[in-house]
Amino acid sequence: MKKASGKVTIKDISNELGISAVSVHRALRGKEGISSELRSKILETAKEMGYVENYAAASIKRKTSKVAVVLPKDKWEKKIYFDYLWLGINKGAQELKGLNIEISPFVCDNEEEQLAQLKEIADKGPGEYGGVITISFTRASEVLMQFQRMLAKDMRVLVIDDHIEIPEGLISIPPREIQVGKVAAELAALITQGKGRILVSCGRKDSKIHEGRLESFCNYIKENKPELIIELVTGYTRNMDHRGELYKNACEALDKYSDICLIYALTSHDNRAFVEALEKHGNNKKVAIIGTDLNEETLEFLKKKRMSAVIDQNPYDKGYMAFKIMVDCLIKNISVPDVIPCRIDIALENNADLYAD
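Residues numbered from 1 in each chain as written. Predicted model: local features only at pLDDT ≥ 70, side-chain atom pairs only at ≥ 80, totals over all residues. Heavy atoms only, no water.

A closer look at the overall build of the protein chain
Phase 1: When helices and strands are counted, the protein chain shows 13 helices and 11 strands.
Phase 2: Seen through its C-alpha atoms, the protein chain measures out along the principal axes to roughly 80 × 45 × 35 Å.
Phase 3: Restricting to contacts in the protein chain with at least 6 residues of sequence separation, those with at least 24 account for 71%.
Phase 4: Looking at the protein chain as shown, the accessible area adds up to about 17400 Å², and 48% of this sits on carbon and sulfur atoms.
Phase 5: Side-chain charges in the protein chain split into 52 positive and 53 negative, and the spacing between the mean points of these groups amounts to 4 Å. (Helix = DSSP H or I, 4+ residues; strand = E, 2+ residues; numbered from the N terminus. Contact = heavy atoms within 4.5 Å. Areas by Shrake-Rupley, 256 points an atom, 1.4 Å probe, with all protein chains shown as cover. Lys, Arg positive; Asp, Glu negative; His and termini not counted. Charge placed at Lys NZ, Arg CZ, Asp CG, Glu CD.)

With respect to the sheet that holds strand 4 (residues 156–160)
Phase 1: Read across the open sheet, the five strands follow the order 2-1-3-4-5; overall the sheet is parallel. Pairing within the sheet leaves two strands with one partner each, and these edge strands are strand 2 (101–107) and strand 5 (171–173). Pairs of neighbouring strands in the sheet enclose a mean axial angle of 20°, with direction left out of account.
Phase 2: On top of the sheet, helix 7 (residues 141–152) reaches strand 3 (131–135) and strand 4; it is set at about 145° to strand 4, its chief contact. (Pairing = 2+ DSSP bridges. Axes fitted to C-alpha atoms, helices over the stretch in contact; angles between N-to-C directions.)

Some details on helix 8 (residues 177–191)
Phase 1: Its 15 residues place the ends of helix 8 21 Å apart at the C-alpha level, agreeing with the 21 Å of an ideal helix rising 1.5 Å per residue.
Phase 2: Taken together, the buried positions of helix 8 are occupied by Glu177, Val180, Gly181, Ala184, Ala185, Leu187, Ala188 and Ala189.
Phase 3: Looking at the buried positions of helix 8, the neighbouring elements they touch are strand 6 (196–201), helix 9 (208–224), strand 8 (260–264), strand 9 (288–292), strand 10 (309–312) and strand 11 (345–347). (Expected span 1.5 Å × (residues − 1). Buried < 20%, exposed > 50% of the residue type's maximum accessible area, 1.4 Å probe, protein only.)

What about the domain arrangement of the protein chain?
Phase 1: Taken domain by domain, the protein chain holds domain 1 (10–53), domain 2 (65–176 + 316–343) and domain 3 (177–312).
Phase 2: Taking only C-alpha atoms into account, the centre of domain 1 sits 56 Å from that of domain 3. (Domains from an automatic or database assignment.)

Right, dumping it as structure tokens:
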């Protein structure tokens, strides 16, 4: 059955089965107009014959597919987190530019801006955009309604850093917040010896992801190392104010308690505030800091021993995966899982160079 030489074509498959090339085309492209039984037979025969789709050639005849990307950007001179999502998405788009698919960027600084942009995209519909890559700030009902509108119009919607089950049909790259919190807590338990206190930032108050990460961290410590006392430090801000409320509250806690043995920065926005608070206090030799998200800033902290470890959520990989998934959905007609996990890494001083690029 397999063709002896050369590439297998749609015509070869149609000749093998004694059916029209149109039917084979419909089956391979996931189009309607044939029975499920015939579709399965065509797909099975194509696989046995070694058929490989030439997506680049097919894209020449196809209208450009646009993917709307609705994400924040970091408010700092160095890349912190969201900029890495953009880098990963842009890298994927560059690698697959021959498939006639491109991104349309929308930068949202808050949920209100995101909602307006999602409404605009949903209004234009699949005639303008085939899919959307975005995040979820707070799972606001108005935002979820826009997701529902897009799905109803057969647009693909991929949400990074959240796992939203309703409306059905969303594709998620979850934050794995429970695992992140537990990994940080397990590392904290290994680093610390004896009794003492851990300072932990609280994250954003309206974020279910931050809430879940904090809760899992605290629960692990209470269950596995109850001799450690957790002190919560408030003051999250997206404005990257390193001498703001979090910094001041951390300084107060360091002055108040003499038995602090570890600090955990729950989010990437908390790293520098904690590092600078500890250095101001002059206690940086005694207290270890576990940071969040490997980036230009935390790489420097690790190399200069200003941090002990960093829990990395791999935002670059998430962005890269997100675009590749959109290509699979919109161009290749490949079914993808509703939930696609991304790995969690621990970076230390001695492996930091592996992440430098």
